Amino acid sequence: MADTPDGGESLDIVLDVDLSKRTSELADENLALLDAHGVTAIDVLGSVGSGKTTLIMGMVAALKQRRRIAVIAGDITTRIDAGRIEAEGVPVLQIQTGGACHLDANLVRTALGRLDLDSIDLLIIENVGNLICPAGFPIGAHQRLVVLSVTEGPYMAIKHPVMVRQADVAVINKIDLAEAMEVSVEQLAADVRSVNPEIEVVATCARAGQGIDDVIAALGL
Ligand code: MG
Ligand code: ZN
């Protein structure tokens, strides 16, 4: 236990090393399984309300003529998002985590067993809406895409450095609301790059379809 500079108390969390190792082994097994079937998997992360589902719907609409797509929708209790994505006419497998605030490699492994991997070549996985703990749970995806929304305020990137550092692409969404939220998209993008210089940053208004093609290009799809 240690005192933090602002007078709060911080607790050291002891990670279970075996659990962490097993998690990354399972993630590697998922990747191997996907590779064996020629499937590219994208893990889509972001807070509740950041626009993950809307972004995925836009990506599916733009890609479904040339890619064979399935979606895994992780959700704590509801299947609202799965129903929305299904309307795009691609198979959607819902994982209700039953209270857990992230997907893990084991849940995804079970889901992979229920998909016909030979009939798809792109798997988009909507993780549970949460920017904190999913960072510590690799699920076996080829790329991680993190969605930040300007409606979450100006500090999302610097408050979630672990997530941003692990992501390959950062989407800054709802840019049509940036002025009303008094958030600078340029500053947010600079914050993202300061945490992760390698990352691709794309600004979108997913609801209006703006920037979807740039997201697809950034993912190399
Ligand atoms: Mg969603
Ligand atoms: Zn969690």
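To start, this report covers the structure provided alongside it. (Residues numbered from 1 in each chain as written. Chains lettered and ligands numbered in written order. Predicted model: local features only at pLDDT ≥ 70, side-chain atom pairs only at ≥ 80, totals over all residues. Heavy atoms only, no water.)

### As for the coordination of the zinc ion (ligand 2)
Within the first shell, the zinc ion (ligand 2) binds the protein through Cys 101 (SG), His 102 (ND1) and Cys 133 (SG), at distances of 1.9 to 2.1 Å. Written as a sequence motif, the donor residues of the zinc ion (ligand 2) are C-H-x30-C. With Cys 101 in the loop between β5 (92–96) and α4 (105–114) and Cys 133 in the loop between β6 (122–126) and β7 (143–149), this pair connects stretches of sequence that are 32 residues apart. Relative accessible area serves as the criterion here: at 32%, Cys 101 is assigned to the partly exposed category. (Donors = N, O, S within 2.8 Å, 3.2 Å for Na, K, Ca; no water. Helix = DSSP H or I, 4+ residues; strand = E, 2+ residues; numbered from the N terminus. Buried < 20%, exposed > 50% of the residue type's maximum accessible area, 1.4 Å probe, protein only.)

### Focus on α4
The complete set of buried residues in α4 reads Ala 105, Val 108, Ala 111 and Leu 112. Down the axis of α4, the buried side of the element spans an arc of 115°, and every buried residue falls inside it. Projecting away from the buried face of α4 at angles above 90 degrees are the exposed residues Gly 113 and Arg 114. Near the N-terminus of α4, the side chain that reaches the backbone nitrogen of Asn 106, with its oxygen 3.0 Å away, is that of Asp 104. (Arc of directions from axis to C-beta. Polar contact = N/O pair within 3.5 Å; in protein donor to acceptor, adjacent residues only side chain to side chain.)

### Some remarks on the coordination of the magnesium ion (ligand 1)
Within the protein, the magnesium ion (ligand 1) binds to Thr 53 (OG1), Asp 81 (OD) and Glu 126 (OE); these donor distances fall in the range 2.0 to 2.1 Å. All donors of the magnesium ion (ligand 1) belong to a single chain; written as a sequence motif, their spacing is T-x27-D-x44-E. Taken together, the residues Thr 53 in helix α2 (residues 52–63) and Glu 126 in strand β6 connect sequence positions 73 residues apart.

### Focus: the sheet that holds strand β9 (residues 200–203)
Note on sheets: strands pair through backbone hydrogen bonds, and any given pair is parallel or antiparallel. One open sheet holds the seven strands; their spatial order is β5-β4-β6-β3-β7-β8-β9, and the pairing between them is parallel. Each edge of the open sheet carries a strand with a single partner, namely β5 and β9. Geometrically, the sheet is characterised by an average inter-axis angle of 20° between neighbouring strands, direction not taken into account. Its contacts with the sheet place α4 against β4 (69–75), β5 and β6, and it is angled at close to 150° to β5. (Pairing = 2+ DSSP bridges. Axes fitted to C-alpha atoms, helices over the stretch in contact; angles between N-to-C directions. Contact = heavy atoms within 4.5 Å.)

### Some remarks on the nonpolar core
Counting 29 residues, the largest nonpolar core has Leu 55, Met 59, Val 71, Ile 124 and Leu 145 as the members making the most contacts within it. Of all the elements in the fold, those that place two or more residues in this core are β3 (40–46), α2, β4, α3 (80–86), β6, β7, β8 (169–173) and α9 (212–218). Tallying contributions element by element places α2 first for this core, with six residues. Beyond its immediate stretch of four places on either side in the chain, Met 59 contacts Ile 124, Ile 212, Val 215, Ile 216, Leu 219 and Leu 221. (Core = buried A, V, L, I, M, F, W, Y, C linked by side-chain atoms within 4.5 Å.)

### Points about the pairing of β7
On a regular strand, one side chain projects to one face of the sheet and the next to the other, so that they alternate. The element β7 is largely enclosed, with a buried count of seven among its seven residues. With burial as the criterion, each face of β7 is covered, one bearing Gln 143, Leu 145, Val 147 and Ser 149 and the other bearing Arg 144, Val 146 and Leu 148. For β3 and β7, the ladder comprises five bridges, and the chain directions are parallel. Within the sheet, the bridge partner assigned to Asp 43 lies in β7 and is Arg 144. Where β7 and β8 come together, five bridges link them in parallel fashion. Each bridged residue has a counterpart across the sheet, and for Leu 148 the counterpart in β8 is Ile 172.

### What to know about unusual backbone geometry
The backbone phi angle of Lys 174 is positive, close to 60°, even though this residue is not glycine. Within the secondary structure layout, Lys 174 lies in the loop between β8 and α7 (178–181). Located in the positive-phi region is Glu 182, a residue other than glycine, with phi close to 55°. Considering the arrangement of structural elements, one finds Glu 182 in the loop between α7 and α8 (185–195).

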